[in-house]
Amino acid sequence: MRFRHPDGSIVHLSYCTNVHPAETLDGVRAQLRDHCEPVRRRLGRDRLGIGLWLAREAARVLINDPAELRALRAELDSRGLEVVTLNGFPYEGFGADEVKYRVYRPDWTEPERLAHTTDLARLLAALLPDDVTEGTISTLPLAWRTPYATDPGAARTARAALTTLAQRLGALAELTGKSIRIGLEPEPGCTVETTADAIAPLTDVGHERIGICVDTCHLATSFEDPDTALDALAAAGIPVVKSQLSAALHAEHPHLPEVRTALATFAEPRFLHQTRTRTAAGLRGTDDLDEAVAGGALPDSTPWRAHFHVPLHAPPAPPLTSTLPVLRATLARLVGGPVPLTRHLEVETYTWQALPAELRPRTRTQLADGIAAELTLARDLLVDLGLKELP
């Protein structure tokens, strides 16, 4: 979906296909047929943007076989789908029964991460619509905090990898005329947990092709103030290359038994749901929601937030809610001003099948309806901010 900002530039809105995990190219094609095109039709659009997730195996097939890449591009066109951004965070196995800590490997100290991200940049340059010259890719925020924090050479290795990547992106732009930028995606528990944590390593890299992907669920989980975060990034000269529109789980009164009971229904075995609370002594947290709910690990006199991407249009029932207000405030700063701070927005609710059983979509039709409803909410927010929806 495309929107014209009051300054005349185009802002793209898509939804991320990691909600339909597939490891192979055949699986990706099935996503386009069974999910993405039906969502487009529900929205009554001739064209729909998708934030494509390509696992390692699918990416390698496309890199090694130009005919397969041309065929994928043709299929996107025929189904009324366009790609301006990729989710390069998960490497493989995102559809496994248990993802948890595995999603953080390989990290930016390992050569596989640089090789995969380079592949994704080359693929995105080929998949961009003919009238689009800029693409973006979100990626792992360097590494999970351990063992990175205790390895004296980890920061140096990651910095060298990002510097090499920036050089490759520059060469790719010269070769193709397509500018691909990479955004580190701060996430609780990682080396770069907050936007503030990103400033030093990205200043060290010092390249305009590498910046930040602001995920509004992660921002909210870490209790970051959107204005403060975005002001600091602007002051440091670090670009927001894309933003993922998502909402976290919020519990205002975690000391109440009924709140703990409600939270426990969201503790599940597949994904990691880092949980945070803000105290007078600073941010406190656990790596997963079940640790927090069990009691004793977190103070409960202040609100809790959990890294659980809840549907934008359907917050959980009381006594819980979502951090949609943080998304609204962030979006207003990103695209509500005289000039957009980013032009790539991606709805990313990958946890539909991890919701409590009674909230999960039971059919493809229900899932497509839910994704279309999220995109409708995001579209309405953009229109309210003065952007004009384009055909």
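Note that this is a predicted model, so its numbers are computed, not measured. (Residues numbered from 1 in each chain as written. Predicted model: local features only at pLDDT ≥ 70, side-chain atom pairs only at ≥ 80, totals over all residues. Heavy atoms only, no water.)

1. Description of the overall build of the protein
- Across its full length, the protein holds 13 helices and 15 strands.
- Taken over C-alpha atoms, the radius of gyration comes to 20 Å for the protein, in line with the 21 Å a tight globule of 391 residues would show.
- Projecting the C-alpha coordinates of the protein onto the three principal axes gives extents of approximately 55 × 50 × 45 Å.
- The buried share among the 391 residues of the protein stands at 59%.
- The contacts in the protein between residues at least 6 apart in sequence include a share of 79% that link residues at least 24 apart. (Helix = DSSP H or I, 4+ residues; strand = E, 2+ residues; numbered from the N terminus. Rg over C-alpha atoms; globule rule 2.2 N^0.38 Å. Buried < 20%, exposed > 50% of the residue type's maximum accessible area, 1.4 Å probe, protein only. Contact = heavy atoms within 4.5 Å.)

2. Regarding the packing of aromatic side chains
- Scanning all chains against the criterion turns up eight aromatic pairs.
- Site record: aromatic cluster; members linked through ring pairs are W53, F94, F271 and Y350. (Phe/Tyr/Trp six-rings, centres within 6.5 Å; stacked < 30°, edge-to-face > 60°.)

3. Here we look at the side chain of T194
- Mapped onto the fold, T194 is located in the loop between β6 (179-184) and α7 (195-205).
- The residues contacting T194, other than those within four sequence positions of it, are P186, S222 and E224.

4. Examining the pairing of strand β9 (residues 247-251)
- With respect to burial, β9 is a largely interior element, five of its five residues being buried.
- Relative to strand β12 (residues 304-310), β9 runs antiparallel, the two being bridged by four bridges. Within β12, the position partnered with H250 by the bridge is R305.
- Pairing of β9 with strand β13 (residues 320-322) involves three bridges; the strand directions are antiparallel. (Pairing = 2+ DSSP bridges.)

5. So, the environment of L124
- Looking at where L124 falls in the secondary structure, it is placed in helix α4 (residues 111-127).
- When the C-alpha positions of L124 and S179 are compared, they lie 9.8 Å apart, and in sequence the two are 55 residues distant.
- Look past the residues within four positions of L124 in its chain and what remains in contact with it is V83, V84, T85, L86, G135, T136, I137 and I180.

6. Some points on empty space enclosed by the protein
- Under the definition given, this model contains five cavities of 30 Å³ or more.
- For the largest cavity, the calculated volume is near 170 Å³.
- Considered class by class, the residues forming the lining of the largest cavity number nine nonpolar, six polar and five charged.
- By volume, the second largest cavity amounts to about 50 Å³.
- Every residue lining the second largest cavity is listed: M1, H12, L13, S14, G49, I50, E82, V83, V84 and T85. (1 Å grid on protein atoms, 1.4 Å probe; cavity = no way out; pocket = protein on both sides within 12 Å on 5 of 7 lines; lining within 4 Å. Points joined across faces, edges and corners; volume = space filled by probe spheres on them. Nonpolar A, V, L, I, M, F, W, Y, C, P; charged D, E, K, R; others polar.)

7. Some remarks on the packing of helix α3 (residues 66-78) against α4
- Here α3 crosses α4 at 50°, and the two axes come no closer than 10 Å. Relative to α4, the element α3 lies oblique. Considering how the two elements wind past one another, α3 and α4 form a crossing that is right-handed. Each of L69, L72, R73 and L76 in α3 lies in contact with α4, whose residues at this interface are L123, A126 and L127.
- Looking at the contact of α3 with α4 residue by residue, the classes come out as six nonpolar, no polar and one charged. (Axes fitted to C-alpha atoms, helices over the stretch in contact; angles between N-to-C directions. Parallel < 35°, antiparallel > 145°, perpendicular 65-115°, else oblique. Left-handed = near helix turned anticlockwise from the far one by under 90°.)

8. Overview of the state of the cysteines
- Counted according to the given criterion, the structure contains zero disulfides.
- Considering cysteine sulfurs only, C213 is the nearest to C16, which forms no disulfide, with 9.5 Å between them. (Disulfide = S-S within 2.5 Å.)

9. Structural notes on the packing of helix α9 (residues 226-236) against helix α12 (residues 324-335)
- For the pair α9 and α12, the least separation of the axes is 9 Å and the interaxial angle reads 35°. The two elements α9 and α12 cross, and the hand of that crossing is right-handed. Contact residues: P226, D227, L230 and D231 in α9; V326, A329, T330, R333 and L334 in α12.
- The residue makeup of the contact of α9 with α12, split by class, is five nonpolar, one polar and three charged.

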